[in-house]
Amino acid sequence: MIHYRSEIASYKNKLKALEAELKKETLRNQYLQKKLHHIQTDNIEQYEKKIADLENQLLSYEVALEEEKTQFSELKKNLYLQKEQQHSQPIIKLQSFFNYSFFFPETNEDDLLIFGNFMIDNIGTEPLHEPMICIRIKPIHAGKLSGKISTKQVKMEENFLLSEHSSTEWTFVHENWRESIKNNGEYWLKPLHHSTLAPCKVLQFHNFEIRARKTDDENALVVEGYVYCKELPKGIPSLNNIIVNW
């Protein structure tokens, strides 16, 4: 597209130059013809030859101008078609981020509390199917996550589109979710009643809580977020992480 725009700008300049030159040569031709009308000397043949040359030159400018206009029209057409193709192509894209706040402990015996929401926004043009999230806490035993999570696996017989005001409950993706938390510090979750995230809609794991307590061998607590779906199986990391420096 940048190439086409550059070419169009170049052709615009060429067209302006040719139009100016054409106007100049037309005026010169008219001037010489008028002068020839008033001259009755032996130089008539010389002026006639010069006028013929100018007329040929004028014709060549007209042909060049016509060709440049044709090329300019083709470039505009190609640019328009390229834009149409870009707009018609499906876009599969999402973004996610944490929205959170801290409640710092008053003593070393108290827990640090993190309250927040994990937001998933479908910013593409296509629906996203089977969304799931992974929230990872590092170090593994530095904190525990809780929230509106059901341990029941519900079999959905149909796909529900996420509405703007629906209340979303989550459940664990894997049956051995306890081992995943214990060994990797990872919480794999999926919405319990929503299997499709429509374009321009937001899915959220809201009102989660993380309890953490500082230990001697830990300098920082890091909470990472990832989003997966059928269309993006490799996952997309969140725009931000939660980081607590002890």
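Just so it is clear, the structure is predicted and the values come from calculations on it, not from any experiment.

Calculation rules
- Residues numbered from 1 in each chain as written.
- Predicted model: local features only at pLDDT ≥ 70, side-chain atom pairs only at ≥ 80, totals over all residues.
- Heavy atoms only, no water.
- Phe/Tyr/Trp six-rings, centres within 6.5 Å; stacked < 30°, edge-to-face > 60°.
- Helix = DSSP H or I, 4+ residues; strand = E, 2+ residues; numbered from the N terminus.
- Buried < 20%, exposed > 50% of the residue type's maximum accessible area, 1.4 Å probe, protein only.
- Contact = heavy atoms within 4.5 Å.

Draft legend 1. Expanded view of the packing of aromatic side chains. A full pass over the atoms with the stated rule returns eight aromatic pairs. Centroid distance Phe98 to Phe208: 6.2 Å. Interplanar angle 80°. Geometry classified as edge-to-face. One end of the pair, Phe98, is in strand E1 (residues 94-103); the other, Phe208, is in strand E10 (residues 202-212), and 110 residues separate them in sequence. Summarising the burial analysis for this pair, Phe98 and Phe208 share the class buried.

Draft legend 2. Fine view of unusual backbone geometry. Residue Lys138 is joined to Pro139 through a cis peptide bond whose omega torsion reads -10°. You can see Pro139 is positioned in the loop between strand E4 (132-138) and strand E5 (143-146). You will see that Cys200, though not glycine, has its phi angle at about 65°, which is positive. Its location among the elements puts Cys200 in the loop between strand E9 (196-197) and E10. Phi is positive for Asn207, close to 55°, though the residue is something other than glycine. With respect to the element layout, Asn207 can be found in strand E10. A relative accessible area of 61% places Asn207 in the exposed class.

Draft legend 3. Quick look at the environment of Ala220. You can see Ala220 is positioned in strand E11 (residues 220-228). Of the residues examined, Ala220 reaches a relative accessible area of 23% and is grouped as partly exposed. C-alpha separation for the pair Ala220 and Val244, spaced 24 residues apart in sequence, amounts to 5.4 Å. Discounting residues that sit within four places of it in the chain, Ala220 has contacts with Lys138, Pro139, Val244, Asn245 and Trp246.

Taken by themselves, the reported measurements are silent on function.
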